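Understanding the architecture of this molecule
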Amino acid sequence: MKKKKIKFKGRLRNYMCWPLYFTIVWVCADATAFTYDKKLGTCLTGFTVVYLALVLCLYFKCKNIVAGELINFATKYSIIQKKLLNEFEIPYALLERSGKILWMNEKFSEKMDINKNYHKSITTLFPTVTREFLAKSEDVSDLRIENDDCVVRLMLNRIYFDSVADENEIIDAEGADEFLTALYVFDETELHSYKKEIEEQKQVCSLVYIDNYDEALDSIEDVKRSLLVALIDRRVNQYFAKYDGLVRKIETDKYFVVFKYKYLQQMKDDKFKVLDEVKAIKVGNEMAVTLSIGIGIKSDKYNENYEYARNAIDLALGRGGDQVVIKNKDDISYIGGKSKQVESKTRVKARVKAQALQEIIETCENVLIMGHSITDVDSLGAGVGIYCAAKSIDKKAQIVINDPTSSVRPLLETFTTEKGYPDDMFINSAEALEMVSRDTLVMVVDTNRPSYTECPDLLKRTDKIVVFDHHRQNSEIIENPTLSYIEPYASSACEMVAEVLQYFNDGIKINATEADCIYAGILIDTNNFMTKTGVRTFEAAAFLKRSGAEVTRVRKMLRNDMACYKARAEAVRHAEVYRGAFAISVCPSENVESPTIVGAQAANELLNIIGIKASFVLTEYNGKIYISSRSIDEINVQLIMEKLGGGGHLNVAGAQLSDCTVVQAKHMIQDTIDEMLKEGDIEE
């Protein structure tokens, strides 16, 4: 074997050769000396020769000594470096490209409970670190692995062969991509436990309201009222005391509660049992007592959590009460809300809202009224009622309708110039955007979701917004309205408007055409007074009847054409019964001008079949899938539709789905039903 000579490089080579380089200086000096004195030049030449011989002798003699010392140092350095790496406090291993373990230090061996001769794949220790993962991962990547008893973070760092090769070595193109992977294992179990403990110790603000305090007390004897209140207090205090909660009664029907975040999941697991416990209190009261709870979480500021709780309780009350709303900065979740809303017998709220609405209209320049897109009869009727209110105090009002459907066109045709109505009573979105100003009142009826309105841009161009709606609120709401009147117990938006009209401007008179339109809205949304009707529904209908509404005339205007009737019959004929109680069908939309209206009618028809507890009719229209859901009393279809991004009422609800087919939508409904049956949110 040929012995390879040791060559010095870099600064060390320059250092060793520096005396030789200095010989050049002597040669130059010798040449200069010869020009002045030959004898001096001869002596200097002899000195230069002796110097050069001495330097060469020392160079070759010291070269081996220096090389030996360097090798000795490098050996010791390598041993120390290997020892330091082996005793490194962080578990460390080297992996082949395939994931095979090449080498590991003591900490890695100790942490993984393996010996240092373990050369199997890293996948046997960490199943998520596969060969494919190593091939796809970046040069430096982090991976977090959580088990029941520990949490580890893996840092993987690629070491390419070409980055450590000597400059004189040639690496082929294939070898240039070869690499080893350095694996570092960081045990973050303790850190994770501290973070979890900090999270669990955070304060949770909660507001607990009694929904029907006055009504419940009115339904019981005077001597038992204090007992009822005491039992409610006891149930609330006992429930939160189990979770180390602090309860303070701030009003006769309101509580402020503070507890730790770690107990929230336990409350979710028992579905806030206090709702049912309070509802079960019976000491002679005819009306069950219900609670609404608003909870604010996940803020580092106590005041911000309290604001979240206030927003949550407002949302819970706006959705009809008897439920829990949990809110943080980015998310809202709902628990409960299964029971039927209790109708308020007093009309004080309607009177207060009527007076507030009058004051707002009086201060505005003009009024633009709009309902939800694909305007239905209830939305139109409510808009006409607000139009009458504005007209009574000499304010210009217009109703925004983009594409009137066949269901509302007969009603629109009754508002003619011969009867004294202006040509611009009904306008489209483009015209409305030209007329709106910061001093315009935008009145939203029959919806409280901005994306569902006829013209969402109108809401951004004015400072005055009023919302009248009878649907439960969702996480998407119209922000900062000047006045909001949302009553989920109401049968329709037309019922709410009819009540308000009786107190507006000390009571206004409406003519028969306007009364017909408002009456038609109540008739449609109650399915001919069979759904969600209460005392106040019939009182509103009586007011409209006194104003000239004619049942026969309204019925004629609400009749369907033959194509719509056939489409409804087809939807009923092809209905499938899922799990023996849920009717699911598809309403054909070909040759039907208002397929969504026909779908809603078909959903109502399916409830007439024995054994059907809830019906779902899907309609494909304008690139979306519209779902109309109905039930009589056993199933809360509103909860089902909320899971699909929609909403509504206990017995009447709907949703809109995008980017899916009818078949996919049917599977989504079935999966949602299965999930809610499994969780106990609905019962077969």
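Since we're looking at a predicted model, the values are computed, not measured. (Residues numbered from 1 in each chain as written. Predicted model: local features only at pLDDT ≥ 70, side-chain atom pairs only at ≥ 80, totals over all residues. Heavy atoms only, no water.)

Section: the sheet that holds strand β12 (residues 366–370)
This is how the line gets drawn: Here, a strand pair is defined by DSSP locating no fewer than two bridges between the strands. What counts as a helix is a DSSP run of H or I of at least four residues, what counts as a strand is a run of E of at least two, and both are numbered from the N terminus. We call two residues in contact when some of their heavy atoms are within 4.5 Å. To define axes, lines are fitted to C-alpha atoms, for helices over the stretch in contact only, and angles between the resulting N-to-C directions are given on a 0 to 180 degree scale.
Pairing in this open sheet of 6 strands is parallel, and the strands run β14-β13-β12-β15-β16-β17 from one edge to the other. Each edge of the sheet is formed by a strand with only one pairing partner; in this case those strands are β14 (426–427) and β17 (483–486). Here 5 bridges tie β12 to strand β15 (residues 440–445), and the two strands are oriented parallel to one another. The residue bridging Val367 from the neighbouring strand is Leu441, located in β15. The strands touched by helix α13 (residues 348–363) are β12, β15, β16 (464–469) and β17; relative to β17, the strand with the most contacts, the crossing angle is about 145°.

Concerning the nonpolar core
The following threshold applies: Take the buried residues of types Ala, Val, Leu, Ile, Met, Phe, Trp, Tyr and Cys, join any two whose side-chain atoms come within 4.5 Å, and each joined set is a nonpolar core. Under the scheme applied here, a residue whose accessible area is under 20% of the maximum for its type counts as buried, over 50% as exposed, and between as partly exposed, the area being computed with a 1.4 Å probe on protein chains only.
Core analysis: the largest hydrophobic core is formed by 61 residues, its most contacted members being Leu357, Phe468 and Leu544. Counting residues per element, this core draws most heavily on helix α14 (residues 377–392), which supplies 9 residues. In this structure Phe468 touches Leu357, Met443, Val444, Val445, Asp446, Thr447, Leu483, Tyr485, Met496, Val497 and Val500, once residues within four positions along its chain are discounted. Core analysis: the second largest hydrophobic core is formed by 35 residues, Val204, Ile210, Ala216 and Val257 among them.

Some words on the packing of aromatic side chains
We count it as follows: Any two of the Phe, Tyr and Trp rings considered here, Trp counted by its six-membered ring, make a pair once their centres fall within 6.5 Å; the pair's planes then place it as stacked at under 30 degrees, edge-to-face at over 60, or tilted in between.
Enumeration over the complete set of coordinates arrives at 13 aromatic pairs. Taking the centre distance of 6.1 Å and the plane angle of 65° together, the rings of Tyr92 and Trp103 count as edge-to-face. Placement of Tyr92 in strand β1 (residues 92–95) and of Trp103 in strand β2 (residues 101–104) is noted, with a sequence separation of 11 residues between them. What makes Tyr92 buried here is its relative accessible area of 8%. Judged by relative accessible area, Trp103 falls into the partly exposed class, the value being 23%. For the ring pair Phe256 and Tyr306, a centre distance of 5.9 Å and an interplane angle of 70° mean the geometry is edge-to-face. Separated by 50 residues along the polypeptide, Phe256 in strand β8 (residues 254–260) and Tyr306 in helix α12 (residues 302–318) bring together distant segments of the chain. On the accessibility criterion, Phe256 (23% relative accessible area) is partly exposed. Overall, the relative accessible area of 32% leaves Tyr306 in the partly exposed class. Here a set of aromatic residues connected by ring pairs shows up, and it is made of Tyr239, Phe240, Tyr243, Phe259 and Tyr263.

Observations regarding empty space enclosed by the protein
So the rule is basically this: Lining residues are defined by having an atom within 4 Å of a point belonging to a cavity or pocket. Those points lie on a 1 Å grid over the protein atoms alone, cavities being sets where a 1.4 Å probe fits but cannot get out and pockets being open sets with protein on both sides within 12 Å along at least five of seven lines. Grid points are joined across faces, edges and corners, and a volume is the space filled by probe spheres set on the points. Charged means Asp, Glu, Lys or Arg here, nonpolar means Ala, Val, Leu, Ile, Met, Phe, Trp, Tyr, Cys or Pro, and polar covers whatever is left, Gly included.
According to the stated counting rule, one finds 1 cavity of 30 Å³ or more in the structure shown. Lining of the largest cavity is provided by Ile369, Met370, Gly371, Thr375, Ser379, Leu380, Gly383, Ile399, Val400, Ile401 and Val445. Broken down by element, the lining of the largest cavity gets its largest block of residues, 3 residues, from α14. Taken together, the residues of the lining of the largest cavity break down into 7 nonpolar, 4 polar and no charged.

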